[in-house]
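Structural features, examined
Each chain is listed here by its residues.
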Amino acid sequence: MSGRVLVLGSLNVDLVTRVERHPRPGETVAGEGLARLAGGKGANQAVAAAAAGGSVTMVGCVGDDAEGDAYRSRLEARGVDVSRLRAVDGTPTGTALVQVSDAGENTIVVVPGANAEPDEREVAAVDDLGPGDVLLLQLEVPRTVVCVAARRAAGRGARVVLNIAPYAALPPDVVALADPLVANEHEMQALAESGSRPASLLVTFGANGATWDGVTRPAVSVDAGDVVDTTGAGDAFCGALAAALAGGADREAAMDAALRAGADAVLREGAQADPYL
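Below is a short write-up of the structure. In this text, all values refer to a predicted model and were calculated from it rather than measured experimentally.

1. Some words on the overall build of the protein chain
- The secondary structure content of the protein chain amounts to eight helices and 14 strands.
- Here the protein chain has a C-alpha radius of gyration of 18 Å; the compact-globule value for 277 residues is 19 Å, and the two agree.
- Considered along the principal axes of its C-alpha atoms, the protein chain spans approximately 50 × 45 × 35 Å.
- Taking all 277 residues of the protein chain together, the buried fraction comes to 49%.
- Of the contacts formed within the protein chain by residues at least 6 apart in sequence, a portion of 68% connects residues at least 24 apart.
- With the model as given, the accessible surface of the protein chain reaches about 11800 Å², and the carbon-plus-sulfur share is 51%.
- Averaged over its 22 positive side-chain charges, the protein chain has a centre that lies 4 Å from the centre of its 37 negative ones.

If you want it as structure tokens, here you go:
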């Protein structure tokens, strides 16, 4: 029997414009179009895990606004359990301002909004987990919540998968619970400098694939001319990885599934399939 995936993380409305190139400090460039997409690392990963066949619950906060209502309906339509999604009175749903260059590279400014509000009420969702289940975490919600949730999930025998993005230092005991801790090359370097050691470390190298404690898998080839937007690749990778692990896959199979999902994500605009709210 497959385990469940509980994603505790952020939900954002992404406001996306395309630019020929990213501006230098003090420079103004013209944007082309303005799309309003669904984003937030937590929700992105929840949608990816559900698309990969996982039984997924999204835990987090949205605003008491139209965006929050739309996001709840959107996740439900994609097979994600939203019974632990809380609307916060007087607080807007989180927003991300995204610029995507003609080369497919992106820069992002995040305005947390309701993503700053998760507390013990969200952590309590972890009490539903047990052996075989996966808790998937990122760092766009308060770090104290991430730390308490990771410790509680591990204490209940669940697997903790931590995507240490955007990078921030965490207590060594929390890092040590991650199996795996998922990092890109820059995050891996910062982690190494911190001296903390996860239970296992999975490093993604973009077009060069991924390595998990010495087990290396090649990336799925994507023609550079087909790349539309790299925004969602990392989140698609993490969501598919969590779903595969909850389903009992070994490291090689889980990485292969994650790499396929990441490669597919760069072929479309935004971080989620069928992205418009």
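2. Here we look at the pattern of salt bridges
- Considering all chains together, one arrives at 15 salt bridges under this definition.
- With a shortest N-O distance of 3.6 Å, Arg 86 and Asp 119 are connected by a salt bridge. Placement of Arg 86 in strand 6 (residues 85–88) and of Asp 119 in the loop between strand 8 (106–111) and helix 3 (120–123) is noted, with a sequence separation of 33 residues between them.
- Among the charged side chains, a salt-bridge network with shared partners connects Arg 86, Asp 119, Arg 121 and Glu 122.

3. Regarding the sheet that holds strand 8
- The strand order across the open sheet built from four strands is 3-2-7-8, with neighbouring strands paired in mixed fashion. The open sheet has two edge strands with one neighbour each: strand 3 (32–39) and strand 8. Within this sheet the neighbouring strands show an average axis-to-axis angle of 20 degrees, counted without direction.
- Strand direction decides the pairing type here: strand 2 (residues 12–19) and strand 7 (residues 94–101), joined by eight bridges, are parallel. Its bridge partner lying in strand 7, Asn 12 is registered against Gly 94.
- The sheet strands contacting helix 2 (residues 66–77) are strand 2 and strand 3, and the helix crosses strand 3 at an angle near 65 degrees.

4. Considerations on the packing of helix 7 (residues 233–246) against helix 8 (residues 251–265)
- Look at helix 7 against helix 8: their axes get within 7 Å of each other, and the N-to-C directions meet at 150 degrees. Classified by the angle between their axes, helix 7 and helix 8 sit roughly antiparallel to one another. Relative to helix 8, helix 7 is oriented so that their crossing is right-handed. Taking contact as the criterion, the partners of Ala 233, Ala 236, Phe 237, Ala 240, Leu 241, Ala 244 and Leu 245 in helix 7 are, on helix 8, Ala 254, Met 255, Ala 257, Ala 258, Leu 259, Ala 261, Gly 262 and Ala 265.
- Class assignment of the residues belonging to the contact of helix 7 with helix 8 gives a composition of 14 nonpolar, one polar and no charged.

5. Focus on the pairing of strand 12 (residues 201–204)
- Strand direction decides the pairing type here: strand 11 (residues 178–184) and strand 12, joined by four bridges, are parallel. Bridging across to strand 12, Ala 183 finds its partner in Val 203.
- Remark: the strand 11/helix 6 (residues 185–194)/strand 12 crossover connection has right-handed handedness.
- As paired elements, strand 12 and strand 13 (residues 210–212) share three bridges and run antiparallel to each other. The partner of Leu 202 across the bridge, within strand 13, is Trp 212.
- Remark: five residues form the turn of the hairpin made by strand 12 and strand 13, two consecutive strands paired antiparallel; Gly 206 in that turn has positive phi of roughly 60 degrees.

Cut-offs used in this document
- Residues numbered from 1 in each chain as written.
- Predicted model: local features only at pLDDT ≥ 70, side-chain atom pairs only at ≥ 80, totals over all residues.
- Heavy atoms only, no water.
- Helix = DSSP H or I, 4+ residues; strand = E, 2+ residues; numbered from the N terminus.
- Rg over C-alpha atoms; globule rule 2.2 N^0.38 Å.
- Buried < 20%, exposed > 50% of the residue type's maximum accessible area, 1.4 Å probe, protein only.
- Contact = heavy atoms within 4.5 Å.
- Areas by Shrake-Rupley, 256 points an atom, 1.4 Å probe, with all protein chains shown as cover.
- Lys, Arg positive; Asp, Glu negative; His and termini not counted.
- Charge placed at Lys NZ, Arg CZ, Asp CG, Glu CD.
- Salt bridge = Lys/Arg side-chain N within 4 Å of Asp/Glu carboxyl O.
- Pairing = 2+ DSSP bridges.
- Axes fitted to C-alpha atoms, helices over the stretch in contact; angles between N-to-C directions.
- Parallel < 35°, antiparallel > 145°, perpendicular 65-115°, else oblique.
- Left-handed = near helix turned anticlockwise from the far one by under 90°.
- Nonpolar A, V, L, I, M, F, W, Y, C, P; charged D, E, K, R; others polar.
- Right-handed = clockwise from strand over helix to strand, strands pointing away.

Take it as geometry only, folks, not as evidence of what the structure does.
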